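Examination of the molecular architecture
Residues per chain are reported as follows:
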Amino acid sequence: MSNERREQLLSAALDDDLDDEERRELDALLEESGGREDRQAYAAMHDLLKDVEAAAPPAALQAAIRRQARLPAGRAQGWQWLFPGLRYAVAASAGALATLAVLNADSVPGAGRVDQLGGSMAPADVRQAHVPVVSRRFAAEGFESLVSLRPNAAGLALSLDLESRRPLDVAVRLDGTGLLVDGLAGVDGELGNLSIRPDSLNLSVRGGRRLEVLLRRRESASQAEAAAPIRLDFSSEGELLEQGALQQPVR
Amino acid sequence: MELLLTHYEKPVYNAALRMLGNPEDAADVTQTVFLKAFENILRYDPARRFFSWIYRIAINESIDQLKRRRHDVPLDTEPPADTPLPAESLQEQQVGDEIQAVLLELEPDLRAVIVLRYFTECDYRDIGATLGIPESTVKSRLFSARRDMRRRLQRHGILSP
């Protein structure tokens, strides 16, 4: 026989969301009749769901999306890539300026559909002044990079301005900093070997590239973590060219 | 933008696939999600987490698709007749199909939290941000979804009663 409270706690336990008191309560409830069966069922269901393999999207899907968005196949052109689609979208609306005005006034927070999302339609860098807090230049034979770190509402934004005449591998390491990779923005070209993990980002470039790595501060980050530097490695074909660190701004 | 496609195509497609249970519908929704993302990219506020934004579009589009088509077709992952799967793979696939079938039996609100939790690996906070609901609601919805799923999986013979 199942017990609603026990199942509630078992569900939270699967997400590691029990405090000490709840854990003790669950332990006691598991001792009761049906407790073992409930625990096994929840654990088995959790494992089954976790083991469902991700499906590969249809091979032609990306090409179809590019076509629909009127984007050039293959190499991306950064923001220029977006503009034909935007022009199309805005032209399709009844009055571009009116649309902009309405959307600009729409700042419905929280619940709601995505078409109500987002606050101001103005780009964030227009709405708020971004003052680079820390900048550092990295350079070696055949490559140069200007890296800057500035605060934003969610944490920090790490801007990378890369120029390289040789294949360049960049590693951004966040371990021990209390920061997590939250996304990328403003990428102005293709990136190779892109690997994004919560505490690291790796990519390869050749030529000039600019991008911004959005970093989110973990809520549980300690003061020591907040004082730890972000580390960067620049290498080419296995040879370390340059490495260094950027200190996080003091909050 | 290339990066958006490269990085988010698979998780967005999988979220849609689990919400809809049909690869063609999932591909349609994925396409719509990216077109909307491209068109609205200037409205994306970097202060928000990007994946929450794009998954939110994906979940909303999937729910809209469900409303439009009103058909819940089990995931069509039958292998071609001339390429039999090994017994173990076949068994895994059958279990996967049963799980998908059970997912489709859940109410869309409950299905969405399971999809986000297990197929995009979001935590409570991320799910809350994606669906626009408080974390406490995420927790209670996950509980309801799991309880419902457990019973259905038992009825399907996937879990022991």
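The structure we're discussing is the one just above.
As the structure is a computational prediction, the values presented were derived from the model and not from experiment. Sequence positions are assigned chain by chain, starting from 1 and proceeding in written order. To label them, take the chains in the order written and letter them from A, then take the ligands in the order written and number them from 1. Local features in this predicted model are restricted to residues of pLDDT 70 or higher, and side-chain atom pairs are both shown and tallied only at a pLDDT of 80 or more, whereas totals for entire chains, interfaces and linings draw on every residue. The side-chain figures draw on all heavy atoms in the structure; neither hydrogens nor water molecules are used.

1. Topic: the overall build of chain A
Helix and strand assignments come from DSSP, with helices taken as H or I runs of at least 4 residues and strands as E runs of at least 2, each series counted from the N terminus. Scanning chain A from terminus to terminus reveals eight helices and eight strands. Exposure categories follow from relative accessible area, calculated using a 1.4 Å probe and restricted to protein chains: below 20% of the type maximum is buried, above 50% is exposed, and the middle band is partly exposed. Within chain A, the fraction of its 251 residues that count as buried is 43%. Taking all contacts inside chain A whose residues are at least 6 apart in sequence as the whole, residues at least 24 apart take part in 55%. In short, Shrake-Rupley with a 1.4 Å probe defines the accessible areas, and a residue's cover is counted only from the protein chains shown. Surface summary for chain A: the accessible area is close to 13,200 Å², and the carbon and sulfur share equals 50%. Contacts are assigned to residue pairs with any non-hydrogen atoms lying within 4.5 Å of each other.

2. Points about helix α3 (residues 35-51) of chain A
Residue and element names in this part refer to chain A. In a regular helix each residue adds 1.5 Å, so 17 residues correspond to 24 Å; α3 covers 24 Å between its end C-alpha atoms and thus fits that length. If you check which residues of α3 are buried, you get Gly35, Asp38, Ala41, Tyr42, Met45, His46 and Leu49. Buried positions in α3, seen along its axis, are confined to an arc of 135° and lie on one side of it. Summarising the geometry of α3, the exposed residues directed more than 90 degrees from the buried face are Arg36 and Asp51. A helix's residues, less one, multiplied by 1.5 Å, set its expected span. Note that the arc is computed from the directions linking the helix axis to the C-beta atoms.

3. Description of the packing of aromatic side chains
Residue and element names in this part refer to chain A. Ring pairs shown here join Phe, Tyr and Trp side chains whose ring centres sit within 6.5 Å, with only the six-membered ring taken for Trp; geometry is labelled stacked below 30 degrees between planes, edge-to-face above 60, and tilted in between. Counting across every chain of the model gives six aromatic pairs over all chains. A centroid spacing of 4.9 Å and a plane angle of 40° characterise the contact between Phe138 and Phe234, whose relative ring orientation is tilted. Here Phe138, found in strand β1 (residues 134-140), pairs with Phe234, found in strand β7 (residues 230-236); they are 96 residues apart in sequence, far enough to count as distant. Neither residue differs from the other here; Phe138 and Phe234 are each classed as buried.

4. What to know about the pattern of salt bridges
Just to be clear on terms, a salt bridge is a Lys or Arg side-chain nitrogen sitting within 4 Å of an Asp or Glu carboxyl oxygen. Within this structure, the stated rule accounts for 22 salt bridges over all chains. With a closest N to O distance of 3.4 Å, Arg150(B) and Glu7(A) form a salt bridge. Highlighted residues: Arg150(B) in helix α7 (residues 135-155) and Glu7(A) in helix α1 (residues 4-14), drawn from two different chains. You'll find Arg150(B) and Glu7(A) in the same group, each marked buried. Overall, the relative accessible area of 0% leaves Glu7(A) in the buried class. Salt bridges here are not isolated pairs; linked through shared partners, they connect Arg6(A), Glu7(A), Asp38(A), Arg150(B) and Arg151(B).

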